[in-house]
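Architecture at a glance
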Amino acid sequence: MSEEQHDLVHLADALLELNQARLEQDAAAACYAQSTAYGFAAAGRIPTERRGRAYFVRRSDLPLIASRLPLGRRHRAVAPAV
């Protein structure tokens, strides 16, 4: 595998890495949503390379992607009234 291909990460795996890093710092932190990331990739709002149906990102672009993607919201589960 060439150095260029080794630097590419599937978009879903990149989001997993970004979300894991956020959750290691704060277990209640909001995370990046895959649907939003794929929408941003399709619109060209984050740097991606498309190969077939899959989107890939460069590892070096992860901080840029994290800065451009909005964080999702976490809703607290409401206990049902008894």
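Described below are features of the structure shown in this document.

Cut-offs applied
Residues numbered from 1 in each chain as written. Predicted model: local features only at pLDDT ≥ 70, side-chain atom pairs only at ≥ 80, totals over all residues. Heavy atoms only, no water. Pairing = 2+ DSSP bridges. Helix = DSSP H or I, 4+ residues; strand = E, 2+ residues; numbered from the N terminus. Axes fitted to C-alpha atoms, helices over the stretch in contact; angles between N-to-C directions. Contact = heavy atoms within 4.5 Å. Parallel < 35°, antiparallel > 145°, perpendicular 65-115°, else oblique. Left-handed = near helix turned anticlockwise from the far one by under 90°. Nonpolar A, V, L, I, M, F, W, Y, C, P; charged D, E, K, R; others polar. Core = buried A, V, L, I, M, F, W, Y, C linked by side-chain atoms within 4.5 Å. Buried < 20%, exposed > 50% of the residue type's maximum accessible area, 1.4 Å probe, protein only. Arc of directions from axis to C-beta.

Read from one edge to the other, the open sheet built from three strands follows the order β1-β3-β2, with strand pairing classed as antiparallel. Taken across any chain shown, the strands that pair with only one partner, and hence form the sheet edges, are β1 (8-10) and β2 (49-51). Within the sheet, the average angular offset between the axes of one strand and its neighbour, ignoring direction, is 40°. The strands touched by helix α2 (residues 11-25) within the sheet are β1 and β3 (54-58), with β1 carrying the most contacts at an inclination of about 90°.

We now examine the packing of α2 against helix α3 (residues 34-43). At a minimum axis distance of 10 Å, the contact between α2 and α3 shows a crossing angle of 130°. What the angle tells us is that α2 and α3 run oblique. α2 and α3 meet at a crossing whose hand is right-handed. In this structure, α2 contributes L11, A12 and L15 to the contact, and α3 contributes Q34, A37, Y38 and A41. For the contact of α2 with α3, the residue count by class is six nonpolar, one polar and no charged.

Mapped onto the elements, L11 comes out in helix α2. Considered as a pair, L11 and E49 are 38 residues apart in the sequence and their alpha carbons are 9.5 Å apart. Excluding residues within four positions of it along the chain, L11 makes contact with A37, Y38, A41, I46, Y55, F56 and V57.

With that settled, the discussion passes to the nonpolar core. Counting 15 residues, the largest nonpolar core has L11, I46, V57, I65 and L69 as the members making the most contacts within it. For this core, the secondary-structure elements that each account for two or more residues are α2, α3, β3 and α4 (62-68). It is α2 that provides the largest number of residues to this core, a total of four residues. Not counting the four nearest positions on each side in its chain, I46 is found in contact with L11, A37, F40, A41, I65, R68 and L69.

Looking now at α3. Every buried residue of α3 is listed here: A37, F40 and A41. On an axial view of α3, the arc spanned by its buried residues comes to 100°, and they lie on one face. Within α3, the exposed residues directed more than 90 degrees away from the buried face are S35, A42 and A43. Elements in contact with the buried residues of α3: α2, β3 and α4. Among the residues trailing α3, G44 stands out with phi positive, at a value near 80°.

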